[in-house]
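Residue strings, one per chain:
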Amino acid sequence: MTTVEIPLTTRKDWSSDQEVKWCPGCGDYSILAAVQMLMPDLGVRREKTVFVSGIGCAARFPYYMNTYGLHSIHGRAPAIATGLATSRPDLDVWVVSGDGDSLSIGGNHLIHALRRNVNLNILMFNNQIYGLTKGQYSPTSEEGKITKSTPFGSLDHPFNPISVAIGAEATFVARTHDMDRHHMQEMFRRAHAHKGASFVEVYQNCNVFNDGAFEGITGKDNRAEMLIPLTHGEPIRFGTNGDKGVIQGADGHLEIVEVASVGEDALLRHDEHHDDPGLAFALSRLSSGPSMPTPIGVFRDVARPEYGESMTAQVDEAQAKRGTGDLDQLLRSNSFWTVD
Amino acid sequence: MTRQTEQLDRVVIRFAGDSGDGMQLTGDRFTTASATFGNDLATFPDFPAEIRAPAGTLAGVSAFQVHISDHQISTPGDAPTVLVAMNPAGLKANMGVMARGTTLILNVDAFDERSLAKAGYAESPLTDGSLSHYTVYEIPMTSITQNVCKEAGVKPRDAERSKNFFALGLVSWLYTRPTDETLAWIHQKFGGKPQVEEANTRAFRAGYDFGETAELFDARYEVRAASFEPGTYVNVSGNTALAWGLIAAAKMASLPLFLGSYPITPASDILHELSKRKEFGVRTFQAEDEIAGIGSALGAAFGGSLGVTTTSGPGLALKGETLGLAVSLELPLVVVDIQRGGPSTGLPTKTEQSDLLQAMYGRHGEAPLPVIAAKSPSHCFEAAIEATRIAVKYRTPVILLSDGYLGNGTEPWKLPDTSTLGTIEPNFAVAPNHENADGTAVFWPYLRDPETLARPWAPPGVAGLEHRIGGLEKADGSGNVSYDNTNHEKMTHLRRDKIAGIANDIADVEVDDPSGQANLLVIGWGSTFGSISAGVQRTRAKGQQVAQVHLTHLNPFPKNLGEVLKAYEHVLVPEMNLGQLSRLLRSEYLVDAKSLSKMQGSPFRAAEIEAAIAEILGA
Ligand code: SF4
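Residues numbered from 1 in each chain as written. Chains lettered and ligands numbered in written order. Predicted model: local features only at pLDDT ≥ 70, side-chain atom pairs only at ≥ 80, totals over all residues. Heavy atoms only, no water.

> Where do I start with the overall build of chain A in this structure?
A tally of helices and strands in chain A yields twelve helices and twelve strands. When the backbone C-alpha atoms are referred to their principal axes, chain A occupies close to 90 × 50 × 45 Å. Within chain A, the fraction of its 340 residues that count as buried is 57%. The long-range share in chain A, meaning contacts at least 24 apart out of those at least 6 apart in sequence, stands at 65%. Across chain A, the centroid of the 30 positively charged side chains sits 5 Å from that of the 42 negatively charged ones. (Helix = DSSP H or I, 4+ residues; strand = E, 2+ residues; numbered from the N terminus. Buried < 20%, exposed > 50% of the residue type's maximum accessible area, 1.4 Å probe, protein only. Contact = heavy atoms within 4.5 Å. Lys, Arg positive; Asp, Glu negative; His and termini not counted. Charge placed at Lys NZ, Arg CZ, Asp CG, Glu CD.)

Written out as structure tokens, the structure is:
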């Protein structure tokens, strides 16, 4: 096997010449920077990288990456990317989406891409609002939210995106936030390394229509008390002095406790590779919104056959058995007769 | 007894029974035996939407009509000359199309009181004299089948399921069909279940022997082989031919074929056929919905595959938004619509041509795209290649229209010489195509070929051609997002002109007007070809003049079409819709195109075309 050297690149190589047009102060800028700065480290080629998006503020992302890119239609990015990734297993395909795009109009495509385990890195920027259409509530907005379309408060019970992804049996599920570049990059790197569908929820501040939605947990002073870092193999604990932790009760449900009251050994050890998704799901239920201590990091990372690879294997197998397809034989595959 | 064998030039047989009676299989087998025997033929499978509608009811009747002849034919026949009815409902549902003097072969075992009541007979038609104008054969098919199967240890209930093979054997005898092939087929198909194989074989033989020994029939009939051009033939359905056409087209273009599709009647057979053919590098993807079907196909097209999605009317509606994106992205894509009765779920298993205007206009914005239509089952092969050729050459989604009648109907097809199919050039972009002011070479995804107006197709993988495209309006040339109002108008014109320009790249319509004296032109599109041709021929046989044109290209129309239309005093447009093509012709060419409409879920009869022509010609 010959190894072709990947050229060294910098952030600049991965940035397109298009002017970035998000609102000043939007969390999308820091996510874009994190991705552009990470790409040179991933050992991949620009021409083999494709960003696919749907519609929404987040969906402008591909225009700013100096790679191949496809800005498609609302909610459909996972479907379009599925066709691309399965027919071109040589490519690195990223999907960039928002909460409305992924969980409302595109919910169906998202769950199916996840359950099939198509080799996609799906980044879902969750700002709990519709930004591009100027401020309606989204499927992740909290109940009772007052927006332009819900002047008396939203009646909808929100989705927990991590629960949805785990419910769809995604093989890689993580959460990060736009205030911590290092953590974002770590999650994106892991998502990229994972074979199959990777789902990363990124808490993203929309400073125009939903400013400060995550401040209570992602603000510098709040993180220690409000973010529960998940580290594989480690007991799950948080708090300024690591004084809080997570235990599993007798009935299986998870609970936040004072470490002092139960002892360190009682804490739940995080296992990303746990085959049964139940535990990861339970972790996702610890918090029902960004006002409570919220787990962050990789919830689940398990191996399952990748869809495109399996599809290719069926083609390869058929060709190994029957050759590469003879048109004349095909046309004669049902009974035929000859007239002289 | 000695019997004569009478020669017939053609016969139309209709097999009818319950949905669970295996009528489609029986008809299909009879057809294959006739095809290999050398007859020309056309078939019309006619079945309900329910897989097993309530047994014995009219709603549950499944029928298969086959027309075999010793000369070239183009339709499954206006009316059957023989009806094989496995139960009272099968008889009742079809009596409307049986002319006096025709033959009825009835499974009398099924004409018990309960079944008669279920079919809505107050009195048995066997005894009330209502069949006195027909030649009726009352044959206890179920009990004979059960008897011969009993010897093989098959329980009566299981044996009952083989009665369609009895009917097949009997009709095979009556029409002197060869039996070896059918017996071999039974062995191949049911070999895995020895008892079923045994029962079906016994039933088939019993039916054949019954004809020979029962002294019920005065004569056997023979329909001689038709004279065909030398060559290799297969009996092919439209859906199979279409699937094969897609495989051939992908091969001609050296592109991997990707089918993204969602199951829908009557298009699913294309998905089934293609999913069997992975050795051709075909990737089939059964998507979560119609939208993902076309979305995945478009994604694959972006990646350099021949992207295809197959559907029927309701699915096409769901694909509308993505079609708009495909028009904007200017990527090759083949969208196949096997039309059925609509709107909504409509008549899922019945044929119609009512998606023409949806194909033409069913999108948001100004979103023109080429539309082509297959005209016979075997023509679906060619039509698939033509759709691909246009899609790839012009970087555009193409809608290929077929319908339930073409999709399921079959006809003998002389196989093409595959070495002469030619090639389709994908002409992928390989290098930057534009120089910036500072001298750097860049790739402009919307810099068009001046002749075809096609843009470059640059699948990911080539360094230096990285580009971003999307559904937002793009600047002419660079393809960057542009909200500039005059640029939008220019791009709208360019997209229109690109599609209109395809008229320079398709053949003129051929006018079939042997005498050159006709003043009536009958023009059709799609699956009406057979019926219109037969109606036109009947008119000519009466000594009258009529011209015929049949369209494969519906957008753009062939260049000479306007001139052709204007040369005739009368223009008649038979369609299985409320006049969609006639509306297009009227608005495009300002001609008085008269619509002949039929919306009954079945193809035109030749007689209906003939009558409509006669009305105009005043004969
Ligand atoms: S509307 Fe909100 S999410 Fe959209 S660009 Fe502006 S700040 Fe960002």
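> In this structure, what is going on with the pairing of strand S15 (residues 397-403) of chain B? I would like to understand it.
For a regular strand, side chains alternate in direction, first toward one face of the sheet and then toward the other. Residue and element names in this part refer to chain B. Along S15, seven of the seven residues are buried, which leaves the element largely enclosed by surrounding structure. Neither face of S15 is open: one carries Pro397, Ile399, Leu401 and Asp403, the other Val398, Leu400 and Ser402, and all of them are buried. You can see the chain leave strand S14 (residues 371-373), run along helix H14 (residues 379-394) and come back into S15, and the turn it takes is right-handed. (Right-handed = clockwise from strand over helix to strand, strands pointing away.)

> Just to check I follow, could you spell out the sheet that holds S15 of chain B for this structure?
Across a sheet, paired strands are connected by hydrogen bonds in the backbone, their directions being either parallel or antiparallel. All names here are of chain B. Spatial strand order, S11-S10-S12-S13-S15-S14-S22: seven strands in an open sheet with mixed pairing. Of all the strands in the sheet, just strand S11 (283-286) and strand S22 (553-555) have a single pairing partner and so form its edges. Neighbour to neighbour, the strand axes of the sheet diverge by 20° on average, direction disregarded. Pairing of strand S12 (residues 306-311) with strand S13 (residues 333-339) involves four bridges; the strand directions are parallel. Bridge pairing links Thr311 to Asp337 in S13. (Pairing = 2+ DSSP bridges. Axes fitted to C-alpha atoms, helices over the stretch in contact; angles between N-to-C directions.)

> So what exactly am I meant to see when it comes to helix H20 (residues 606-617) of chain B here?
Each α-helix winds once per 3.6 residues, and so residues spaced three or four apart point in a common direction. All names here are of chain B. Between the first and last C-alpha of H20 there are 16 Å, a value that for twelve residues agrees with the 16 Å anticipated at 1.5 Å per step. All of the buried residues along H20 are Ala606, Ile609, Glu610, Ala612, Ile613 and Ala614. On the buried face of H20, the contacting elements are strand S20 (520-525), helix H17 (529-541), strand S23 (570-575) and strand S24 (593-597). After H20 finishes, the residue Gly618 shows a positive phi value of roughly 70°. (Expected span 1.5 Å × (residues − 1).)

> Explanation requested: the site of the ligand in the structure shown.
By nearness alone, every residue bordering the ligand is listed as Trp22, Cys23, Cys26, Cys57, Asn127, Gly131, Gln204, Cys206, Asn207, Val208 and Phe209 of chain A. By residue class, the composition of the shell around the ligand is seven nonpolar, four polar and no charged. (Near = heavy atom within 4 Å. Nonpolar A, V, L, I, M, F, W, Y, C, P; charged D, E, K, R; others polar.)

> Whenever I open this one, H17 of chain B confuses me. Can you help?
All names here are of chain B. Across its 13 residues, H17 extends 18 Å between first and last C-alpha, which sits within 8% of the 18 Å expected from 1.5 Å per residue. Buried within H17 are the following residues: Gly530, Ser531, Ile532, Ser533, Ala534, Gly535, Val536 and Thr539. On its buried face, H17 sits against S20, strand S21 (547-551), S23 and H20.

> Any chance you could explain the domain arrangement of chain B here in plain terms?
For interface size, the figure often reported is the accessible area lost on association. All names here are of chain B. Domain boundaries in chain B define domain 1 (4-223), domain 2 (234-420), domain 3 (427-505) and domain 4 (520-617). Inter-centroid distance (C-alpha atoms) of domain 3 to domain 4 is 40 Å. Listed per partner, the contact involves five residues of domain 3 and four residues of domain 4. Of the roughly 330 Å² buried at the junction of domain 3 and domain 4 (both faces included), carbon and sulfur atoms supply 66%. Contact with domain 4 buries area across many residues of domain 3, yet Ile499, Ala503 and Asn504 alone supply 84% of it, more than any other trio. For the interface between domain 3 and domain 4, the tally reads one residue pair in polar contact (both at pLDDT 80 or more). In terms of residue class, the side of domain 3 that touches domain 4 is built from four nonpolar, one polar and no charged. (Domains from an automatic or database assignment. Buried area = accessible area lost by both parts, 1.4 Å probe. Polar contact = N/O pair within 3.5 Å; in protein donor to acceptor, adjacent residues only side chain to side chain.)

> Would you mind going over the packing of H17 of chain B against H20 of chain B with me for this structure?
The packing of two helices is summarised by the inter-axis angle and the distance between the axes. Residue and element names in this part refer to chain B. Contact geometry for H17 and H20: axes closest at 7 Å, N-to-C directions at 50°. Between H17 and H20, the crossing angle belongs to the class labelled oblique. Viewed along their axes, H17 and H20 form a crossing whose handedness is right-handed. Residues Ser531, Ile532, Ala534, Gly535, Val536, Arg538 and Thr539 of H17 pack against Ala606, Ala607, Ile609, Glu610, Ile613 and Leu617 of H20. The residue inventory of the contact of H17 with H20, partitioned by class, reads eight nonpolar, three polar and two charged. (Parallel < 35°, antiparallel > 145°, perpendicular 65-115°, else oblique. Left-handed = near helix turned anticlockwise from the far one by under 90°.)

> So what exactly am I meant to see when it comes to the side chain of Thr182 of chain B here?
Tracing the backbone shows Thr182 of chain B in helix H7 (residues 180-190). Setting aside chain neighbours within four positions, we find Thr182 of chain B in contact with Arg29, Ala33, Leu168 and Phe204 of chain B.

> I tried to follow the sheet that holds strand S3 (residues 40-46) of chain B on my own but got confused; where do I start?
Residues and elements named next belong to chain B. Here six strands make up an open sheet; going across it, the order is S3-S4-S2-S5-S6-S7 and the pairing mixed. At either end of the open sheet lies a strand with only one pairing partner, and these are S3 and strand S7 (135-139). Averaged over all adjacent pairs, the angle separating strand axes in this sheet is 15°, with direction ignored. Where strand S2 (residues 10-18) lies against strand S4 (residues 61-69), nine bridges are found, and the strand directions are antiparallel. The partner of Gly17 across the bridge, within S4, is Ser62. Where helix H4 (residues 141-150) meets the sheet, it contacts strand S5 (82-85), strand S6 (103-107) and S7, and its direction lies at approximately 50° from that of S6. Strands in contact with helix H6 (residues 163-174) are S2, S5, S6 and S7; relative to S6, the strand with the most contacts, it is inclined by about 150°.

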